[in-house]
Amino acid sequence: MKLKTLVAASVLAATASMPFTANAQEALTGDTKLACEAIMCLMSPTRPAECTAAITKYFSISLRRFSSTLRARKNFLSLCPRVDPNTVDQVVNNNPPEPDPPEVPEPVPCNPRDPNIRCQER
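Residues numbered from 1 in each chain as written. Predicted model: local features only at pLDDT ≥ 70, side-chain atom pairs only at ≥ 80, totals over all residues. Heavy atoms only, no water.

1. Some thoughts on the state of the cysteines
Next, step 1: Under the defined criterion, the tally for this structure stands at 2 disulfides.
Next, step 2: Sulfur-sulfur distance for the disulfide between cysteine 36 and cysteine 80 comes to 2.0 Å. The sign of the 105° torsion about the S-S bond sets the cysteine 36-cysteine 80 disulfide as right-handed. A residue pair is termed long-range when its members are at least 10 positions apart, and cysteine 36 in helix 2 (residues 30-43) and cysteine 80 in the loop between helix 4 (66-77) and helix 5 (85-94) qualify at 44 residues. (Disulfide = S-S within 2.5 Å. Helix = DSSP H or I, 4+ residues; strand = E, 2+ residues; numbered from the N terminus.)

Next up, the structure:
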């Protein structure tokens, strides 16, 4: 009887002294949670349904300039604590935004009275 009590007490003491990997105060929420999920999902060859919110948030970051979009996406992924900056760079480089469209010059208005401007016939 004493042996069972001693074993139970030892197991309880050993379990109580083990560190927990996460407690309620360490749980990630909001953009921090989405950033960590986005990193895991974008690094994975398959994207399960649980990735939808994180992937949507990541790809919704779209600014006017290509370089601004890259920077904003890196900043978002950097919200994940303990993430290696090289991992963030790798994720962003493997999932780039659409490049900026080429700059198209403004069309010159047609003025038939101006000899310097040639009007195209329709």
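2. Notes on the side chain of arginine 73
Next, step 1: You can see arginine 73 is positioned in helix 4.
Next, step 2: By relative accessible area, arginine 73 is classed as buried at 3%.
Next, step 3: Among the polar contacts listed, one links the side chain of arginine 73 to the backbone oxygen of isoleucine 61, at a separation of 3.0 Å.
Next, step 4: Setting aside residues no more than four positions away along its own chain, arginine 73 makes contact with Tyr58, Phe59, Ile61, Val92, Asn95, Pro96 and Pro97. (Buried < 20%, exposed > 50% of the residue type's maximum accessible area, 1.4 Å probe, protein only. Polar contact = N/O pair within 3.5 Å; in protein donor to acceptor, adjacent residues only side chain to side chain. Contact = heavy atoms within 4.5 Å.)

3. Re the pattern of salt bridges
Next, step 1: Counting across every chain of the model gives 3 salt bridges.
Next, step 2: Its salt-bridge partner being lysine 57, residue aspartate 31 comes within 3.8 Å of it at the nearest N-O pair. Residue aspartate 31 is found in helix 2, and its partner lysine 57 is found in helix 3 (residues 52-60); the two are separated by 26 residues along the sequence.
Next, step 3: On the basis of relative accessible area, aspartate 31 is assigned to the partly exposed category, the value being 36%.
Next, step 4: Put simply, lysine 33 and glutamate 37 hold a salt bridge, and the shortest N to O gap is 3.8 Å. (Salt bridge = Lys/Arg side-chain N within 4 Å of Asp/Glu carboxyl O.)

4. Focus: the confidence of the model for the chain
Any segment with low pLDDT has predicted coordinates that should not be analysed in fine detail.
Next, step 1: The pLDDT averaged across the chain works out to 74; a share of 63% of its residues lies at or above 70.
Next, step 2: Predicted confidence for residues 1-20 stays below pLDDT 50, and this span has 0 contacts to residues more than four positions away or in other chains. (pLDDT = per-residue confidence, 0-100.)

5. What about the packing of aromatic side chains?
Next, step 1: Tallied over the entire structure, the rule returns 1 aromatic pair.
Next, step 2: Residues tyrosine 58 and phenylalanine 59 carry aromatic rings whose centres are separated by 5.0 Å and whose planes lie at 80° to one another, so their mutual orientation is edge-to-face.
Next, step 3: Under the relative-accessibility criterion, phenylalanine 59 is labelled partly exposed at 35%. (Phe/Tyr/Trp six-rings, centres within 6.5 Å; stacked < 30°, edge-to-face > 60°.)

6. Notes on helix 5
Next, step 1: Listed as buried for helix 5 are Val88, Val91 and Val92. Here the buried residues of helix 5 occupy an arc of 95° about the axis, which is enough to place them on one side. Across from the buried face of helix 5, at angles greater than 90 degrees, the exposed residues are Asn86, Asn93 and Asn94.
Next, step 2: On its buried face, helix 5 is in contact with helix 2, helix 3 and helix 4. (Arc of directions from axis to C-beta.)

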